[in-house]
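# Structural overview for review
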Amino acid sequence: MPPAIPARKSKSSPGKAGATSTTGSAPARPTIRAYRPGEGQRLRAFWETVGFRSLGDDDASLDRLAERNPGLVLLAEVGDRVVATAMGAWDGRRGWMYHVAVADDLQRSGLGRRLVQEIERRLRAVGCPKVNVVVTDDNLGGRRFWEALGYTMLGARQFGREL
């Protein structure tokens, strides 16, 4: 499993508070690392704070995703606090990214971009030629984020069915 990597220091946008260190001086830098089996509750608690619905994100499903896609399920932490996530997967044909989210107080800090770039790097390393991401129609901020990273809207709709 790839080692944890410190997130790059980035410029914060005015008016956005960063996570502060325990000393109260400078903002603490998030550390990005791979998910470890059994951490599902921490991720679900974080996703709840950012408005994600976690259908299918039980511990067994997350552990299975991480096992099938080593090093592609990432989280960022400041101390014990999960502050961002990004899940990558590769089916042998296309890569996928799911649950890319950053805590409100760290949005626009570059952390989301850093997570996406790390997932892209790791997907390229396993031979993945293309990555897709699902963004809901009502998520205008998410659409702007992905467009700023060079992603384009595809002319298809996603359909799903519970099994």
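What counts, and where the lines are drawn
- Residues numbered from 1 in each chain as written.
- Predicted model: local features only at pLDDT ≥ 70, side-chain atom pairs only at ≥ 80, totals over all residues.
- Heavy atoms only, no water.
- Helix = DSSP H or I, 4+ residues; strand = E, 2+ residues; numbered from the N terminus.
- Buried < 20%, exposed > 50% of the residue type's maximum accessible area, 1.4 Å probe, protein only.
- Contact = heavy atoms within 4.5 Å.
- Areas by Shrake-Rupley, 256 points an atom, 1.4 Å probe, with all protein chains shown as cover.
- Salt bridge = Lys/Arg side-chain N within 4 Å of Asp/Glu carboxyl O.
- pLDDT = per-residue confidence, 0-100.
- Expected span 1.5 Å × (residues − 1).
- Core = buried A, V, L, I, M, F, W, Y, C linked by side-chain atoms within 4.5 Å.
- Axes fitted to C-alpha atoms, helices over the stretch in contact; angles between N-to-C directions.
- Parallel < 35°, antiparallel > 145°, perpendicular 65-115°, else oblique.
- Left-handed = near helix turned anticlockwise from the far one by under 90°.
- Nonpolar A, V, L, I, M, F, W, Y, C, P; charged D, E, K, R; others polar.
- Phe/Tyr/Trp six-rings, centres within 6.5 Å; stacked < 30°, edge-to-face > 60°.
- Pairing = 2+ DSSP bridges.

Right, let's talk about the overall build of the protein for a bit. The helix and strand tally for the protein stands at four helices and six strands. Ordered by position from the N terminus, the helices and strands of the protein form the series β-β-α-α-β-β-β-α-β-α. Scored against the burial criterion, the 163 residues of the protein give a buried share of 37%. In the protein, of all internal contacts separated by at least 6 residues, the share reaching a separation of at least 24 is 63%. Surface exposure of the protein reaches about 10,300 Å², of which carbon and sulfur atoms provide 52%.

Following the criterion strictly, the structure yields nine salt bridges and no others. With a shortest N-O distance of 2.7 Å, E118 and R122 are connected by a salt bridge. With E118 and R122 both in helix α3 (residues 111-125) and four residues apart, this pair spans about one turn of that helix. Three or more residues are tied together by salt bridges with common partners; here these are R33, E39, R42 and E77.

This brings us to the confidence of the model for the protein. Per-residue confidence for the protein gives a mean pLDDT of 85, with 82% of residues at or over 70. For residues 6-23, every residue scores under 50 in pLDDT, and the model assigns this stretch 37 contacts once sequence neighbours within four places are set aside.

Here α3 contains 15 residues, and its C-alpha end-to-end distance of 21 Å stays within 8% of the 21 Å for a straight helix at 1.5 Å per residue. Turning to α3, its buried residues number three or more, namely L111, G112, R114, L115, V116, E118, I119, E120, R122 and L123. Once α3 ends, the next one or two residues include G127, with phi positive near 95°.

All right, on to the nonpolar core then. Counting residues in each nonpolar core, the largest one holds 36 residues, and the members touching the most others are Y35, V83, M97, L111 and Y151. For this core, the elements supplying multiple residues, two or more each, are β2 (31-34), α1 (40-49), α2 (59-68), β3 (73-78), β4 (81-90), β5 (95-102) and α3. A per-element tally of this core places β4 first, with six residues. Sequence-distant contacts of M97, defined by excluding residues within four places in its chain, comprise M87, V116, I119, E120, V131, N132, V133, V134, W146 and Y151.

Packing of α3 against helix α4 (residues 140-148) leaves a shortest axis separation of 11 Å and a crossing angle of 55°. In terms of orientation, α3 lies oblique with respect to α4. By crossing handedness, the relation of α3 to α4 is classed as right-handed. Contact residues: G112, R113 and V116 in α3; F145, W146 and A148 in α4. Taken together, the residues of the contact of α3 with α4 sort by class into four nonpolar, one polar and one charged.

Turning our eyes to something else, we now look at the packing of aromatic side chains. Summed over all chains, the structure comprises three aromatic pairs. With 6.4 Å between their ring centres and 15° between their planes, W96 and Y98 make a pair best called stacked. By the ring-pair criterion, three or more aromatic residues cluster together here, those being F145, W146 and Y151.

Bringing the pairing of β4 into the picture now. In terms of residue burial, β4 counts as a mostly covered element, since eight of its ten residues are buried. Relative to β4, β3 runs antiparallel, the two being bridged by six bridges. Considered in β4, the bridge of A76 is made with A84. Between the antiparallel neighbours β3 and β4 lie two residues, among them G79 with a positive phi of about 65°. Of the pairings in the sheet, the one linking β4 to β5 comprises six bridges and is antiparallel in character. When the bridges of β5 are listed, T85 appears paired with A101. What sits between the antiparallel neighbours β4 and β5 is a turn of four residues, in which G92 has the positive phi angle 95°.

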